[in-house]
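If you want the building blocks of each chain, they are given just below.
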Amino acid sequence: MTEVRDEETVRQQRRPGDEPGTGVVTAFGRQLKLVRMRAGLDRPEFGKRVGYSADSIASFEQGRRIPPASLIDKADEVLVLQCGFVIYPVGSSPERRR
């Protein structure tokens with residue numbers, strides 16, 4: 001019985017942005033997909049260039065998986081070379097993040 005209560009307490013303490021498919025992770029994923037598509041890259045090709053599978057790219061784009069900083073850095077490199085797009089948020093820069 002205590003486990004059930006503990007799980008319920010954890011669920012109640014979560015913020016809406018903590019759930020998969022919501023918040024910053026989803027917003028980033030949508031932006032990543034938009035820029036990837038504008039660059040003319042499909043998921044398998046983009047994944048190959050950044051070192052991830054097409055399934056992993058789909059997970060990042062759909063907000064089901066939190067992208068590591070190394071993916072974001074590599075995606076910026078690839079997308080800048082491909083079409084001049086950068087993923088860094090407004091007011092941010094690579095120097096500031098490191």
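Before any of the text, the structure's been laid out above.
**Things to note about the overall build of the protein**
Argument step 1. For the protein, the helix and strand inventory stands at 6 helices and 0 strands.
Argument step 2. Secondary structure elements of the protein, listed N to C terminal, follow the sequence α-α-α-α-α-α.
Argument step 3. Sorting the 98 residues of the protein into buried and exposed places 29% on the buried side.
Argument step 4. In the protein, of all internal contacts separated by at least 6 residues, the share reaching a separation of at least 24 is 51%.
Argument step 5. In the structure as shown, the protein presents an accessible area of about 6,800 Å², 53% of it carried by carbon and sulfur atoms.

**Some words on the nonpolar core**
Argument step 1. One finds L32, L41, F46, V50, I57, A75 and L79 to be the most contacted residues of the largest nonpolar core, which totals 14 residues.
Argument step 2. For this core, the elements supplying multiple residues, two or more each, are α2 (23–38), α3 (43–50), α4 (54–61) and α5 (69–83).
Argument step 3. Of the residues forming this core, the biggest block, 5 residues, is contributed by α5.
Argument step 4. Aside from chain neighbours lying at most four places away, what touches I57 is R36, R43, F46, G47, V50, Y52 and L71.

**What to know about the pattern of salt bridges**
Argument step 1. Tallied over the full model, the rule gives 5 salt bridges.
Argument step 2. Its salt-bridge partner being K74, residue E77 comes within 3.6 Å of it at the nearest N-O pair. Here E77 and its partner K74 are both found in helix α5, 3 residues apart, which amounts to about one turn of the helix.
Argument step 3. A relative accessible area of 43% means that E77 is categorised as partly exposed.

**Brief notes about the packing of α3 against α4**
Argument step 1. It is the contact of α3 with α4, at a shortest axis distance of 8 Å, that shows an interaxial angle of 100°. By the criterion of interaxial angle, the relationship of α3 to α4 is roughly perpendicular. Between α3 and α4, the contacting residues are R43, P44, F46, G47 and V50 on the first element and A54, I57, A58 and E61 on the second.
Argument step 2. Partitioning the contact of α3 with α4 into residue classes produces 6 nonpolar, 1 polar and 2 charged.

**Thoughts on α3**
Argument step 1. All buried positions along α3 are accounted for by F46, G47 and V50. The buried residues of α3 occupy an angular sector of 100° when projected down its axis, which confines them to one face. Those residues of α3 that are exposed and angled more than 90 degrees off the buried face are P44 and K48.
Argument step 2. The N-terminus of α3 is capped by D42, whose side-chain oxygen sits 2.9 Å from the backbone nitrogen of E45.
Argument step 3. Following α3 by one or two positions, G51 has its phi on the positive side, about 85°.

**Let's talk about the side chain of R36**
Argument step 1. Structurally, the position occupied by R36 is in helix α2.
Argument step 2. Those residues within four positions of R36 in sequence are excluded, and the remaining contacts are L41, D42, R43, F46, I57, E61 and L79.

Reading the values: the criteria
- Within each chain, residues carry numbers counting from 1 in the order of the written sequence.
- For this predicted model, a pLDDT threshold of at least 70 governs which residues receive local features, and a threshold of 80 or more governs which side-chain atom pairs are given and counted, while totals over whole chains, interfaces and linings are taken from all residues.
- Side-chain metrics rest on all non-hydrogen atoms present in the structure, leaving aside hydrogens and water.
- By the criteria applied, helices consist of DSSP H or I runs no shorter than four residues and strands consist of E runs no shorter than two, each listed in order from the N terminus.
- Accessible area is worked out with a 1.4 Å probe on protein chains only. A residue is then buried under 20% of its type maximum, exposed over 50%, and partly exposed in between.
- Contact criterion: two residues are considered in contact whenever any of their non-hydrogen atoms come within 4.5 Å of each other.
- Only the protein chains shown count as cover for residues, with accessible areas throughout obtained via the Shrake-Rupley method and a probe of 1.4 Å.
- Put simply, buried Ala, Val, Leu, Ile, Met, Phe, Trp, Tyr and Cys residues joined by side-chain atoms within 4.5 Å make one nonpolar core.
- Every case where a carboxyl oxygen of Asp or Glu lies within 4 Å of a side-chain nitrogen of Lys or Arg is listed as a salt bridge.
- The convention used is that axes are lines fitted to C-alpha atoms, helices contributing only their stretch in contact, and that angles between N-to-C directions extend from 0 to 180 degrees.
- Reported orientations rely on four angle classes, namely roughly parallel under 35 degrees, roughly antiparallel over 145, roughly perpendicular from 65 to 115, and oblique for the rest.
- Ten residue types, Ala, Val, Leu, Ile, Met, Phe, Trp, Tyr, Cys and Pro, are classed as nonpolar, four, Asp, Glu, Lys and Arg, as charged, and the remainder, Gly among them, as polar.
- For this quantity, the arc is that covered by the directions from the helix axis to the C-beta atoms.
- Residues adjacent in sequence count toward polar contacts only when both atoms are side-chain atoms; beyond that, a polar contact is any pair of N or O atoms within 3.5 Å, and within protein one must be able to donate a hydrogen and the other to accept it.

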